Every structure is written in C-alpha cells, then in structure tokens.
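Survey of secondary and tertiary structure
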Amino acid sequence: MTNTESSHAQLETITFGAGCFWCVEAVYQRVKGVQKVVSGYMGGKMKNPSYRDVCTGLTGHAEVCQLTYDPKVVSFETLLEVFWQTHDPTTLNRQGADVGTQYRSAIFYHTAAQKAAADQWKQNLNAKKVFPNPIVTEIVAESTFYPAEDYHQDYFNQNGEEPYCKIVIKPKMDKFLKAFKDKLN
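Residues numbered from 1 in each chain as written. Predicted model: local features only at pLDDT ≥ 70, side-chain atom pairs only at ≥ 80, totals over all residues. Heavy atoms only, no water.

1. With respect to the pattern of salt bridges
Under the definition given, this model contains five salt bridges. The salt bridge involving Lys-166 is made with Glu-161; its shortest N-O contact spans 3.2 Å. In this structure, Lys-170 engages Asp-174 in a salt bridge whose closest nitrogen and oxygen atoms are separated by 2.8 Å. Of this pair, Lys-170 and Asp-174 both sit in helix 7 (residues 163-179), four residues apart, roughly one helical turn. (Salt bridge = Lys/Arg side-chain N within 4 Å of Asp/Glu carboxyl O. Helix = DSSP H or I, 4+ residues; strand = E, 2+ residues; numbered from the N terminus.)

Structure follows, in structure tokens:
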C-alpha cells in the first residue's frame, strides 16, 4: 500500500444538511482537516434528482454537503460543533428565508459512532436548553448521495460577489470565522 492509499484509507465521511448547501459548503471548506466538500442531495426517493427537482420539495431530498475529513486532524466532535453553531437546528424545513423540506436540518451518519455522537449532542443541547426551542434535526443513516450540478460546487468561492452570497452567506461566514478561528485552514 502506498502512502497515498494509506492516508486515504484513514479518511472518514459525514453528510450534513443545514439549509442551503452553498452556506454549508463555504463553512466546511475552511475547517482544518476537511479534505473535500461536495454539495448534493440525500434522503429522497427520486433517483438522480436535479436541483430543479429538489427545489419542488416533492423528491424528499435535503440539500446536503458530504464531507471527507481526516479524523487525525479534525474530530467528529468539532464537525458537530460547527454544524450546531452555524445554522438554526430548531426550525423545521427552513433556514432563514429558505423554506421547504429540502432545507431541513439533518445529519446523515455513515457509522454507528457518528450516530451515537450526534444523538448525544442533540440530547445534551436540548437538556441544557442551548436553543430557545427544541432541536428538530433528523439523525438518520446515510442513503444514496447525488452530487449537485457543477455550478453548485465551490459556489461561494466562485460567486462571492453575487447578492445571495453577500447578503446571506457572507454574514454567516464572518460569524463562523470569528468563532472558529483556531480550527481554520
């Protein structure tokens, strides 16, 4: 086995839905230890959905980002901490002005350990009443992941001057960068 193969064998995957995948992608691309972030769709019933299909809210898919990360560099606990702090996990099928089941808060776990950690975090946050309302984040097993169309990938980095990026993503990014400055690339 080559060094490249052995390092790849140690990487793990998690899939998060936290509203618009452009926002989620922009955040996790900056976390040290996250090797790859792919925007896409998960959790629905239609095969090979398009963005237009998912936007109808009828496919059952959530907009998600699938992360490949090195657990020797960034812990799953840190990824969960970023997840809970960078969106509102208490609003059902909504993040800000984005409304629909495709914008739901979801953790699609890939291992039993990820499920256990996510469940524990959710339980602890609710018990401590960290948020004013109960967390509605679904924690479910990963299913088929469909990468979003190319123009959705690396969206904020490629389109930072677009109004949505300036008005919605940039303020989230500023808050994130300040809160997690010790965990950034």
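2. Some thoughts on the packing of helix 2 (residues 21-28) against helix 7
Two elements in contact, helix 2 and helix 7, have axes whose closest approach is 10 Å; the angle formed by their N-to-C orientations is 35°. When the axes of helix 2 and helix 7 are compared, the crossing they make is right-handed. For the pair helix 2 and helix 7, contact is made by Trp-22, Cys-23, Ala-26 and Val-27 and by Tyr-164, Val-168, Ile-169, Lys-172, Met-173 and Phe-176, respectively. Taken together, the residues of the contact of helix 2 with helix 7 break down into nine nonpolar, no polar and one charged. (Axes fitted to C-alpha atoms, helices over the stretch in contact; angles between N-to-C directions. Left-handed = near helix turned anticlockwise from the far one by under 90°. Contact = heavy atoms within 4.5 Å. Nonpolar A, V, L, I, M, F, W, Y, C, P; charged D, E, K, R; others polar.)

3. Overview of the sheet that holds strand 2 (residues 34-42)
The strands that make up a sheet are held in pairs by hydrogen bonds between backbone atoms, and each pair lies either parallel or antiparallel. Taken together, the six strands give an open sheet; going across it, the order is 7-6-1-3-2-8, and neighbouring strands pair in mixed fashion. Each end of this open sheet is capped by a strand with a single partner; those strands are strand 7 (138-141) and strand 8 (146-147). Here strand 1 (residues 12-18) runs beside strand 6 (residues 105-109); their pairing, made up of four bridges, is antiparallel. Residue pairing in the sheet places Phe-16 in a bridge with Ile-107 of strand 6. In the packing of helix 2 onto the sheet, contacts are made with strand 1, strand 2 and strand 3 (62-69), and the angle to strand 2 comes to roughly 170°. Sitting on the sheet, helix 5 (residues 112-127) touches strand 1, strand 3, strand 6 and strand 7, and the angle it makes with strand 7 is about 170°. (Pairing = 2+ DSSP bridges.)

4. Some details on the environment of Lys-183
In this structure, Lys-183 sits in the segment after helix 7. By relative accessible area, Lys-183 is classed as partly exposed at 25%. The sequence separation of Lys-183 and Val-73 amounts to 110 residues, and the corresponding C-alpha distance is 9.7 Å. For Lys-183, the residues in contact, after removing those within four places along its chain, are Arg-30, Val-31, Lys-32, Thr-78 and Glu-81. (Buried < 20%, exposed > 50% of the residue type's maximum accessible area, 1.4 Å probe, protein only.)

5. Brief notes about the state of the cysteines
Counted according to the given criterion, the structure contains zero disulfides. Unpaired in terms of disulfides, Cys-65 finds its nearest cysteine sulfur in Cys-20, a separation of 8.5 Å. Considering cysteine sulfurs only, Cys-23 is the nearest to Cys-165, which forms no disulfide, with 8.2 Å between them. Take Cys-165: its relative accessible area is 0%, and that puts it in the buried class. (Disulfide = S-S within 2.5 Å.)

Note that all results are geometric; they support no functional claim without further evidence.
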